[in-house]
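Letter by letter, the chains look like this.
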Amino acid sequence: MSSVSICRRLKQVNKTSSPYISAEGVELRREKLSRRCFEVEESTIRDILKVLSRKDVISFAGGIPDPDTFPHEDIERAFSKCMRENWRKALQYTESQGVRELREEIARFMQRLDRGSPDPDNVIVTSGSQEALYILSMTLLDPGDVVIVERPTYLAMLQVLKSMSAKIIDVELKDDGIDVEALDTVVKKLEREGENVKMIYVVPTCQNPTGITMSIDKRKQLIEIAEKHDLYIVEDDPYSYYLYDNVENLEPLYKLCPERVIYCSTFSKILVPGFRVGWIVAPEDLVSHIVKMKQIVSLQTTTVTQYVLAELLKDGIIERRLPELSQRYRKKRDAMLEALETYMPSHVTWTRPVGGMFVWVKARPDIDTTRLLNIAIEKYGVAYVPGEAFYATNPQRNTMRLNFTYPSARDIFEGVKRLGEMLKEV
Ligand SMILES: Cc1ncc(COP(=O)(O)O)c(C=O)c1O
(Lines give C-alpha, C1' and ligand atoms only; values in the text may rest on other atoms or scores of the structure.)
Protein backbone atom coordinates (compact mmCIF):
# COMPACT_ATOMS: atom_id res chain seq x y z
CA MET A 1 0.00 0.00 0.00
CA SER A 2 1.44 3.40 -0.96
CA SER A 3 1.92 6.07 1.69
CA VAL A 4 -0.79 8.19 0.01
CA SER A 5 -3.42 5.51 0.46
CA ILE A 6 -2.36 4.91 4.06
CA CYS A 7 -2.94 8.62 4.73
CA ARG A 8 -6.37 8.47 3.13
CA ARG A 9 -7.36 5.48 5.25
CA LEU A 10 -6.44 7.23 8.47
CA LYS A 11 -8.42 10.31 7.54
CA GLN A 12 -11.53 8.21 6.80
CA VAL A 13 -11.25 6.50 10.16
CA ASN A 14 -10.93 9.92 11.76
CA LYS A 15 -14.30 10.98 10.40
CA THR A 16 -16.06 8.21 12.29
CA SER A 17 -14.42 8.96 15.65
CA SER A 18 -14.10 12.24 17.54
CA PRO A 19 -12.11 14.46 15.17
CA TYR A 20 -9.78 17.20 16.28
CA ILE A 21 -8.50 19.87 13.89
CA SER A 22 -4.80 20.48 14.44
CA ALA A 23 -2.98 23.78 14.02
CA GLU A 24 -2.22 22.82 10.43
CA GLY A 25 -5.90 22.21 9.68
CA VAL A 26 -5.47 18.41 9.61
CA GLU A 27 -8.09 16.18 11.14
CA LEU A 28 -6.74 13.92 13.85
CA ARG A 29 -8.33 11.36 16.10
CA ARG A 30 -8.11 12.43 19.72
CA GLU A 31 -7.65 8.97 21.13
CA LYS A 32 -4.54 8.48 18.99
CA LEU A 33 -2.76 11.31 20.80
CA SER A 34 -1.72 11.77 24.41
CA ARG A 35 -3.87 13.84 26.76
CA ARG A 36 -1.14 16.45 27.09
CA CYS A 37 -1.60 17.47 23.44
CA PHE A 38 -4.96 18.95 24.37
CA GLU A 39 -3.98 20.57 27.66
CA VAL A 40 -2.44 23.58 25.95
CA GLU A 41 -4.66 26.36 24.64
CA GLU A 42 -3.50 26.83 21.08
CA SER A 43 -5.68 29.50 19.55
CA THR A 44 -4.45 32.70 21.20
CA ILE A 45 -0.80 31.82 20.86
CA ARG A 46 -1.29 30.87 17.22
CA ASP A 47 -2.88 34.25 16.44
CA ILE A 48 -0.03 36.07 18.11
CA LEU A 49 2.72 34.14 16.36
CA LYS A 50 1.13 34.86 12.99
CA VAL A 51 1.45 38.63 13.47
CA LEU A 52 5.09 38.70 14.51
CA SER A 53 6.20 38.94 10.88
CA ARG A 54 3.58 41.55 9.85
CA LYS A 55 5.00 45.00 9.18
CA ASP A 56 1.66 46.74 9.83
CA VAL A 57 1.35 45.34 13.36
CA ILE A 58 3.36 46.55 16.36
CA SER A 59 3.90 43.56 18.59
CA PHE A 60 4.23 43.71 22.36
CA ALA A 61 3.58 39.98 22.43
CA GLY A 62 6.94 38.18 22.31
CA GLY A 63 9.11 37.83 25.39
CA ILE A 64 12.18 38.48 23.32
CA PRO A 65 15.36 40.54 23.65
CA ASP A 66 16.42 43.31 21.29
CA PRO A 67 18.77 41.71 18.71
CA ASP A 68 20.83 44.92 18.67
CA THR A 69 22.11 43.82 22.09
CA PHE A 70 23.57 40.55 20.74
CA PRO A 71 27.40 40.69 20.89
CA HIS A 72 27.82 38.77 17.65
CA GLU A 73 31.44 39.78 17.12
CA ASP A 74 32.50 38.58 20.57
CA ILE A 75 30.61 35.38 19.93
CA GLU A 76 32.30 34.94 16.54
CA ARG A 77 35.73 35.36 18.17
CA ALA A 78 34.91 32.88 20.93
CA PHE A 79 33.66 30.34 18.35
CA SER A 80 36.83 30.75 16.25
CA LYS A 81 39.06 30.33 19.28
CA CYS A 82 37.12 27.26 20.31
CA MET A 83 37.45 25.72 16.83
CA ARG A 84 41.17 26.52 16.70
CA GLU A 85 42.17 25.41 20.16
CA ASN A 86 39.56 23.06 21.48
CA TRP A 87 37.73 21.49 18.56
CA ARG A 88 38.34 17.88 19.63
CA LYS A 89 36.41 18.35 22.85
CA ALA A 90 33.96 20.98 21.61
CA LEU A 91 32.64 18.81 18.77
CA GLN A 92 32.38 15.64 20.87
CA TYR A 93 29.64 14.28 23.16
CA THR A 94 29.98 15.50 26.73
CA GLU A 95 28.70 14.91 30.27
CA SER A 96 24.92 15.09 30.70
CA GLN A 97 25.41 17.39 33.68
CA GLY A 98 27.26 19.86 31.47
CA VAL A 99 30.83 20.70 30.49
CA ARG A 100 32.90 21.02 33.70
CA GLU A 101 34.55 24.30 32.58
CA LEU A 102 31.14 25.90 32.02
CA ARG A 103 29.78 24.70 35.37
CA GLU A 104 32.81 26.20 37.09
CA GLU A 105 32.37 29.49 35.23
CA ILE A 106 28.65 29.61 36.09
CA ALA A 107 29.46 29.03 39.78
CA ARG A 108 32.03 31.86 39.70
CA PHE A 109 29.65 34.14 37.80
CA MET A 110 26.94 33.65 40.41
CA GLN A 111 29.42 34.21 43.21
CA ARG A 112 30.81 37.42 41.68
CA LEU A 113 27.29 38.76 41.21
CA ASP A 114 26.35 37.88 44.78
CA ARG A 115 23.87 35.16 43.92
CA GLY A 116 25.30 32.65 46.42
CA SER A 117 28.27 30.28 46.28
CA PRO A 118 27.23 27.18 44.38
CA ASP A 119 29.57 24.23 44.00
CA PRO A 120 30.08 23.33 40.30
CA ASP A 121 29.00 19.80 41.25
CA ASN A 122 25.55 21.20 42.06
CA VAL A 123 25.23 22.99 38.72
CA ILE A 124 23.39 21.27 35.85
CA VAL A 125 23.56 22.82 32.38
CA THR A 126 20.26 22.68 30.49
CA SER A 127 18.96 23.51 27.03
CA GLY A 128 17.43 26.82 28.08
CA SER A 129 15.70 27.24 31.40
CA GLN A 130 12.59 25.83 29.76
CA GLU A 131 14.26 22.43 29.84
CA ALA A 132 15.32 23.13 33.41
CA LEU A 133 11.68 23.59 34.41
CA TYR A 134 10.70 20.46 32.53
CA ILE A 135 13.33 18.15 33.99
CA LEU A 136 12.79 19.55 37.49
CA SER A 137 9.10 18.78 37.17
CA MET A 138 9.95 15.30 35.89
CA THR A 139 12.22 14.81 38.90
CA LEU A 140 9.80 16.00 41.57
CA LEU A 141 6.28 15.31 40.36
CA ASP A 142 3.98 12.36 40.00
CA PRO A 143 0.52 12.83 38.44
CA GLY A 144 -1.78 14.48 40.98
CA ASP A 145 1.01 16.01 43.07
CA VAL A 146 0.32 19.59 44.09
CA VAL A 147 2.39 22.52 42.87
CA ILE A 148 1.79 26.03 44.18
CA VAL A 149 2.28 28.86 41.69
CA GLU A 150 1.83 32.61 41.72
CA ARG A 151 -1.39 33.97 40.26
CA PRO A 152 -0.68 34.90 37.45
CA THR A 153 2.47 32.98 36.54
CA TYR A 154 4.79 32.08 33.67
CA LEU A 155 2.70 30.53 30.93
CA ALA A 156 5.21 27.90 29.80
CA MET A 157 5.59 26.56 33.35
CA LEU A 158 1.82 26.08 33.48
CA GLN A 159 2.12 24.07 30.28
CA VAL A 160 4.90 21.92 31.77
CA LEU A 161 2.88 21.31 34.93
CA LYS A 162 -0.24 20.42 32.97
CA SER A 163 1.75 17.99 30.85
CA MET A 164 2.86 16.30 34.12
CA SER A 165 -0.80 16.06 35.23
CA ALA A 166 0.14 18.02 38.35
CA LYS A 167 -2.55 19.65 40.46
CA ILE A 168 -1.86 23.38 40.13
CA ILE A 169 -2.94 25.65 42.98
CA ASP A 170 -2.47 29.37 42.45
CA VAL A 171 -1.98 31.96 45.17
CA GLU A 172 -2.55 35.67 44.57
CA LEU A 173 0.44 37.78 43.59
CA LYS A 174 0.44 41.13 45.42
CA ASP A 175 2.48 44.21 44.50
CA ASP A 176 5.38 42.93 46.65
CA GLY A 177 5.19 39.25 45.77
CA ILE A 178 3.10 36.17 46.53
CA ASP A 179 0.50 36.52 49.31
CA VAL A 180 2.40 34.55 51.96
CA GLU A 181 -0.46 34.40 54.45
CA ALA A 182 -2.82 32.95 51.85
CA LEU A 183 -0.05 30.56 50.85
CA ASP A 184 0.36 29.27 54.40
CA THR A 185 -3.41 28.82 54.78
CA VAL A 186 -3.71 27.02 51.47
CA VAL A 187 -0.83 24.63 52.17
CA LYS A 188 -2.26 23.79 55.62
CA LYS A 189 -5.65 23.08 54.05
CA LEU A 190 -4.15 20.91 51.30
CA GLU A 191 -2.18 18.94 53.86
CA ARG A 192 -5.31 18.41 55.97
CA GLU A 193 -7.02 17.08 52.88
CA GLY A 194 -4.20 14.59 52.40
CA GLU A 195 -2.79 16.19 49.24
CA ASN A 196 0.87 15.68 48.37
CA VAL A 197 2.18 19.24 48.15
CA LYS A 198 5.60 19.00 46.51
CA MET A 199 6.85 22.41 45.51
CA ILE A 200 6.30 26.13 45.15
CA TYR A 201 7.28 27.72 41.83
CA VAL A 202 8.06 31.46 41.87
CA VAL A 203 9.72 34.08 39.69
CA PRO A 204 10.69 36.47 42.51
CA THR A 205 12.45 39.16 40.50
CA CYS A 206 10.72 41.04 37.67
CA GLN A 207 8.22 38.28 37.23
CA ASN A 208 6.90 37.09 33.89
CA PRO A 209 4.15 38.20 33.17
CA THR A 210 3.65 41.01 35.71
CA GLY A 211 7.12 42.52 36.20
CA ILE A 212 6.51 42.36 39.98
CA THR A 213 9.48 41.88 42.34
CA MET A 214 9.16 40.12 45.70
CA SER A 215 10.24 42.15 48.73
CA ILE A 216 12.99 40.83 50.99
CA ASP A 217 10.50 40.31 53.86
CA LYS A 218 8.33 38.16 51.66
CA ARG A 219 11.36 36.20 50.48
CA LYS A 220 12.18 35.35 54.08
CA GLN A 221 8.56 34.51 54.92
CA LEU A 222 8.27 32.31 51.85
CA ILE A 223 11.30 30.33 52.95
CA GLU A 224 9.88 29.97 56.46
CA ILE A 225 6.66 28.56 55.04
CA ALA A 226 8.57 26.15 52.80
CA GLU A 227 10.62 25.06 55.82
CA LYS A 228 7.54 24.61 57.97
CA HIS A 229 5.79 22.43 55.41
CA ASP A 230 8.95 20.78 54.08
CA LEU A 231 8.52 21.93 50.48
CA TYR A 232 10.98 22.64 47.71
CA ILE A 233 10.99 26.12 46.20
CA VAL A 234 11.79 26.39 42.50
CA GLU A 235 13.21 29.87 41.96
CA ASP A 236 13.11 30.86 38.29
CA ASP A 237 15.44 33.81 37.85
CA PRO A 238 16.03 34.96 34.26
CA TYR A 239 15.70 38.69 34.97
CA SER A 240 17.61 39.69 38.10
CA TYR A 241 20.98 40.25 36.41
CA TYR A 242 20.15 43.59 34.79
CA LEU A 243 17.87 45.89 36.78
CA TYR A 244 16.88 49.40 35.71
CA ASP A 245 16.45 50.95 39.14
CA ASN A 246 18.53 50.74 42.27
CA VAL A 247 16.84 48.07 44.31
CA GLU A 248 18.62 46.98 47.43
CA ASN A 249 18.38 43.68 49.18
CA LEU A 250 17.20 41.49 46.36
CA GLU A 251 18.78 38.36 47.74
CA PRO A 252 17.91 35.34 45.64
CA LEU A 253 15.89 32.77 47.57
CA TYR A 254 18.69 30.37 46.70
CA LYS A 255 21.23 32.48 48.54
CA LEU A 256 18.95 32.64 51.58
CA CYS A 257 18.35 28.88 51.69
CA PRO A 258 20.41 26.74 49.28
CA GLU A 259 19.24 23.48 50.89
CA ARG A 260 15.62 24.02 49.96
CA VAL A 261 15.70 26.22 46.88
CA ILE A 262 16.29 24.88 43.39
CA TYR A 263 17.59 27.80 41.36
CA CYS A 264 17.16 28.16 37.58
CA SER A 265 18.46 30.81 35.25
CA THR A 266 19.37 31.25 31.61
CA PHE A 267 21.73 32.92 29.17
CA SER A 268 18.73 33.78 26.96
CA LYS A 269 18.23 37.24 28.42
CA ILE A 270 21.77 38.17 29.45
CA LEU A 271 23.42 36.99 26.23
CA VAL A 272 21.39 35.40 23.41
CA PRO A 273 18.35 33.11 23.42
CA GLY A 274 19.60 31.31 20.31
CA PHE A 275 22.27 29.47 22.31
CA ARG A 276 19.53 27.69 24.25
CA VAL A 277 21.58 27.36 27.43
CA GLY A 278 20.29 27.67 30.95
CA TRP A 279 21.27 26.17 34.27
CA ILE A 280 20.00 24.69 37.49
CA VAL A 281 21.64 24.82 40.91
CA ALA A 282 20.17 22.04 43.01
CA PRO A 283 20.73 20.58 46.47
CA GLU A 284 23.21 17.72 46.38
CA ASP A 285 20.71 14.91 46.91
CA LEU A 286 18.71 15.94 43.84
CA VAL A 287 21.53 16.38 41.34
CA SER A 288 21.89 12.78 40.15
CA HIS A 289 18.11 12.44 39.73
CA ILE A 290 17.85 15.64 37.71
CA VAL A 291 20.77 14.52 35.53
CA LYS A 292 18.95 11.21 34.91
CA MET A 293 15.93 13.16 33.65
CA LYS A 294 18.15 15.35 31.52
CA GLN A 295 19.57 12.20 29.90
CA ILE A 296 16.07 11.00 29.05
CA VAL A 297 15.05 14.30 27.49
CA SER A 298 18.13 15.41 25.58
CA LEU A 299 21.19 13.41 26.65
CA GLN A 300 23.16 16.65 26.95
CA THR A 301 23.14 20.31 25.93
CA THR A 302 25.08 21.15 22.74
CA THR A 303 28.79 20.79 23.57
CA VAL A 304 30.24 23.51 21.38
CA THR A 305 27.86 26.16 22.73
CA GLN A 306 28.89 25.24 26.26
CA TYR A 307 32.59 25.73 25.48
CA VAL A 308 31.89 29.06 23.78
CA LEU A 309 29.86 30.22 26.78
CA ALA A 310 32.64 29.16 29.17
CA GLU A 311 35.03 31.29 27.12
CA LEU A 312 32.69 34.32 27.15
CA LEU A 313 32.19 34.01 30.91
CA LYS A 314 35.93 33.61 31.55
CA ASP A 315 36.66 36.76 29.54
CA GLY A 316 34.00 38.66 31.52
CA ILE A 317 32.15 39.54 28.31
CA ILE A 318 28.72 38.67 29.68
CA GLU A 319 29.25 40.67 32.88
CA ARG A 320 30.71 43.69 31.13
CA ARG A 321 27.64 44.09 28.95
CA LEU A 322 25.09 43.96 31.77
CA PRO A 323 25.22 47.73 32.51
CA GLU A 324 24.72 48.50 28.82
CA LEU A 325 21.80 46.10 28.70
CA SER A 326 20.22 47.81 31.71
CA GLN A 327 20.70 51.22 30.18
CA ARG A 328 19.18 50.27 26.83
CA TYR A 329 16.18 48.51 28.34
CA ARG A 330 15.66 51.19 31.00
CA LYS A 331 14.99 53.67 28.19
CA LYS A 332 12.46 51.34 26.64
CA ARG A 333 10.79 50.63 29.98
CA ASP A 334 10.56 54.37 30.61
CA ALA A 335 9.15 54.91 27.13
CA MET A 336 6.44 52.36 27.80
CA LEU A 337 5.53 53.82 31.20
CA GLU A 338 5.37 57.32 29.73
CA ALA A 339 3.28 56.14 26.79
CA LEU A 340 0.85 54.35 29.12
CA GLU A 341 0.56 57.51 31.21
CA THR A 342 -0.11 59.55 28.06
CA TYR A 343 -2.51 57.34 26.16
CA MET A 344 -4.42 55.03 28.51
CA PRO A 345 -7.97 55.82 29.60
CA SER A 346 -8.51 56.29 33.33
CA HIS A 347 -9.92 52.80 33.96
CA VAL A 348 -6.58 51.19 33.03
CA THR A 349 -3.79 50.44 35.55
CA TRP A 350 -0.35 48.90 35.08
CA THR A 351 2.75 47.71 36.95
CA ARG A 352 6.06 49.59 37.14
CA PRO A 353 8.77 46.93 36.85
CA VAL A 354 12.29 47.56 38.15
CA GLY A 355 13.70 45.28 35.46
CA GLY A 356 12.78 42.40 33.18
CA MET A 357 10.78 42.63 30.01
CA PHE A 358 7.12 43.12 30.83
CA VAL A 359 4.46 45.51 32.01
CA TRP A 360 1.17 44.03 33.18
CA VAL A 361 -1.91 46.02 32.23
CA LYS A 362 -5.34 45.77 33.81
CA ALA A 363 -8.41 47.28 32.13
CA ARG A 364 -12.04 47.71 33.23
CA PRO A 365 -13.42 44.40 34.62
CA ASP A 366 -15.89 43.95 31.73
CA ILE A 367 -13.13 44.06 29.09
CA ASP A 368 -12.02 40.68 27.74
CA THR A 369 -8.55 41.02 26.21
CA THR A 370 -8.69 37.56 24.61
CA ARG A 371 -11.81 38.48 22.67
CA LEU A 372 -10.31 41.83 21.75
CA LEU A 373 -7.03 40.45 20.42
CA ASN A 374 -8.25 39.98 16.87
CA ILE A 375 -9.67 43.50 16.78
CA ALA A 376 -6.41 44.84 18.25
CA ILE A 377 -4.43 43.16 15.49
CA GLU A 378 -6.74 43.71 12.50
CA LYS A 379 -8.25 47.11 13.28
CA TYR A 380 -5.62 48.80 15.44
CA GLY A 381 -2.41 47.08 14.29
CA VAL A 382 -1.12 46.15 17.73
CA ALA A 383 -0.57 42.79 19.46
CA TYR A 384 -0.18 41.71 23.10
CA VAL A 385 -0.57 38.51 25.08
CA PRO A 386 -4.00 38.29 26.71
CA GLY A 387 -3.65 37.81 30.46
CA GLU A 388 -5.89 34.76 30.47
CA ALA A 389 -3.00 32.52 29.38
CA PHE A 390 -1.07 33.16 32.61
CA TYR A 391 -3.73 31.91 35.02
CA ALA A 392 -3.93 28.35 36.27
CA THR A 393 -7.57 28.91 37.31
CA ASN A 394 -10.31 31.58 36.97
CA PRO A 395 -8.45 33.91 34.62
CA GLN A 396 -8.77 37.66 35.02
CA ARG A 397 -9.70 38.38 31.44
CA ASN A 398 -9.25 42.14 31.66
CA THR A 399 -5.45 41.81 31.82
CA MET A 400 -2.68 41.76 29.21
CA ARG A 401 1.11 41.41 29.08
CA LEU A 402 3.13 43.97 27.16
CA ASN A 403 6.77 43.41 26.22
CA PHE A 404 8.96 46.52 26.00
CA THR A 405 12.40 45.08 25.19
CA TYR A 406 11.86 44.13 21.55
CA PRO A 407 10.04 47.12 19.98
CA SER A 408 11.79 50.44 19.39
CA ALA A 409 10.89 53.40 21.63
CA ARG A 410 9.04 54.95 18.69
CA ASP A 411 6.99 51.76 18.15
CA ILE A 412 6.32 51.60 21.88
CA PHE A 413 4.71 55.06 21.77
CA GLU A 414 2.74 54.32 18.62
CA GLY A 415 1.67 50.85 19.78
CA VAL A 416 0.51 52.04 23.20
CA LYS A 417 -1.36 54.91 21.52
CA ARG A 418 -3.21 52.36 19.37
CA LEU A 419 -3.97 50.20 22.40
CA GLY A 420 -5.22 53.23 24.31
CA GLU A 421 -7.55 54.13 21.41
CA MET A 422 -8.93 50.63 21.38
CA LEU A 423 -9.53 50.57 25.13
CA LYS A 424 -11.28 53.96 24.95
CA GLU A 425 -13.53 52.83 22.09
CA VAL A 426 -14.64 49.40 23.33
C1 LIG B 1 10.18 33.17 33.83
C2 LIG B 1 10.81 32.48 32.67
N3 LIG B 1 11.31 31.26 32.85
C4 LIG B 1 11.89 30.59 31.84
C5 LIG B 1 11.98 31.14 30.57
C6 LIG B 1 12.59 30.31 29.47
O7 LIG B 1 13.76 30.82 29.01
P8 LIG B 1 14.77 30.02 28.11
O9 LIG B 1 14.20 28.65 27.86
O10 LIG B 1 14.94 30.80 26.86
O11 LIG B 1 16.02 29.93 28.89
C12 LIG B 1 11.46 32.41 30.34
C13 LIG B 1 11.50 33.00 29.00
O14 LIG B 1 10.89 33.98 28.68
C15 LIG B 1 10.86 33.10 31.42
O16 LIG B 1 10.33 34.33 31.29
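Please refer to the structure higher up on the page.
Each chain has its residues counted from 1, running along the sequence as written. Side-chain atom pairs in this predicted model are given and counted only at pLDDT of 80 or more, local residue features only at pLDDT of at least 70, and totals for whole chains, interfaces and linings cover all residues. Note: side-chain values were computed over all heavy atoms of the structure, leaving out hydrogens and water.

> How should I be thinking about the overall build of the chain in this particular structure?
Numbering of helices and strands runs from the N terminus; a helix is a DSSP stretch of H or I covering at least four residues, while a strand is a stretch of E covering at least two. A tally of helices and strands in the chain yields 15 helices and 16 strands. Each radius of gyration is computed over the set of C-alpha atoms, and the globule rule expresses the reference value as 2.2 Å times the number of residues to the power 0.38. For 426 residues, the compact-globule estimate of 2.2 N^0.38 gives 22 Å, and the C-alpha radius of gyration of the chain, at 22 Å, lies within 12% of that figure. Considered along the principal axes of its C-alpha atoms, the chain spans approximately 65 × 55 × 55 Å. Note on classification: 1.4 Å probe, protein chains only; a residue is buried when its accessible area is under 20% of the maximum for its type, exposed when over 50%, partly exposed between these limits. For the chain, buried positions account for 54% of its 426 residues. Every accessible area reported is derived by Shrake-Rupley at a probe size of 1.4 Å, with residue values counting cover from the shown protein chains alone. Looking at the chain as shown, the accessible area adds up to about 19700 Å², and 48% of this sits on carbon and sulfur atoms. Between the centroid of the 60 positive side chains of the chain and the centroid of its 63 negative side chains there is a distance of 6 Å. Only four residue types enter the charge count, namely Lys and Arg as positive and Asp and Glu as negative; His and the chain termini do not. To locate a charge, take NZ of a lysine, CZ of an arginine, CG of an aspartate or CD of a glutamate.

> Is there a simple way to explain the pattern of salt bridges in this structure?
A side chain with one charge can pair with a side chain of the opposite charge if their charged atoms come near. Salt bridges are identified by distance alone: a Lys or Arg side-chain nitrogen within 4 Å of an Asp or Glu carboxyl oxygen. This structure, assessed with the given rule, holds 33 salt bridges. In this structure, the salt-bridge partner of Glu227 is Arg260, at a minimum N-O distance of 3.5 Å. Here Arg260 lies in the loop between helix 10 (253-256) and strand 10 (261-266) and Glu227 lies in helix 9 (residues 216-229), a separation of 33 residues in the sequence. Judged by relative accessible area, which is 40%, Glu227 ranks as partly exposed. For Asp366, the salt bridge goes to Arg364, with nearest N and O atoms at 2.8 Å.

> What's the story with the pairing of strand 8 (residues 197-202) in this structure? I'm lost.
Remember that side chains alternate between the two faces of the sheet whenever the strand is regular. Within strand 8, five of the six residues are buried, which leaves it mostly tucked inside the rest of the structure. Examined bridge by bridge, strand 5 (residues 146-151) and strand 8 share four bridges and lie parallel to one another. Within strand 8, the position partnered with Val149 by the bridge is Tyr201. At least two DSSP bridges between two strands are required for those strands to pair. Pairing of strand 8 with strand 9 (residues 232-236), which is carried by four bridges, proceeds in the parallel orientation. The residue bridging Tyr201 from the neighbouring strand is Val234, located in strand 9. A crossover connection joins strand 8 to the parallel strand 9 through helix 9; in handedness this β-α-β unit is right-handed. A crossover counts as right-handed when, viewed with the strands pointing away from the observer, the path leading from the first strand over the helix to the second turns clockwise.

> Is there a simple way to think about the site of the ligand in this case?
A molecule or strand has a residue near it when one of that residue's heavy atoms lies within 4 Å. As a matter of local geometry, the ligand sits amid 13 residues, with Ser129, Asp236, Tyr239, Thr266 and Ser268 nearest to it. Note that an oxygen atom of the ligand is positioned 2.8 Å from one of the side-chain N or O atoms of Lys269. Relative to its unbound accessible area of 400 Å², the ligand is 92% covered by the protein chains. A total of three residues in the shell around the ligand trace back to one element, the largest contributor, which is helix 6 (residues 128-140). Note on residue categories: nonpolar means Ala, Val, Leu, Ile, Met, Phe, Trp, Tyr, Cys or Pro, charged means Asp, Glu, Lys or Arg, and polar means any other residue, Gly included. Here the residues of the shell around the ligand sort into four nonpolar, six polar and three charged. Polar contact is the term for a pair of N or O atoms within 3.5 Å; when the atoms are in protein, one must be able to donate a hydrogen and the other to accept it, and sequence-neighboring residues count only if both atoms are side-chain atoms.

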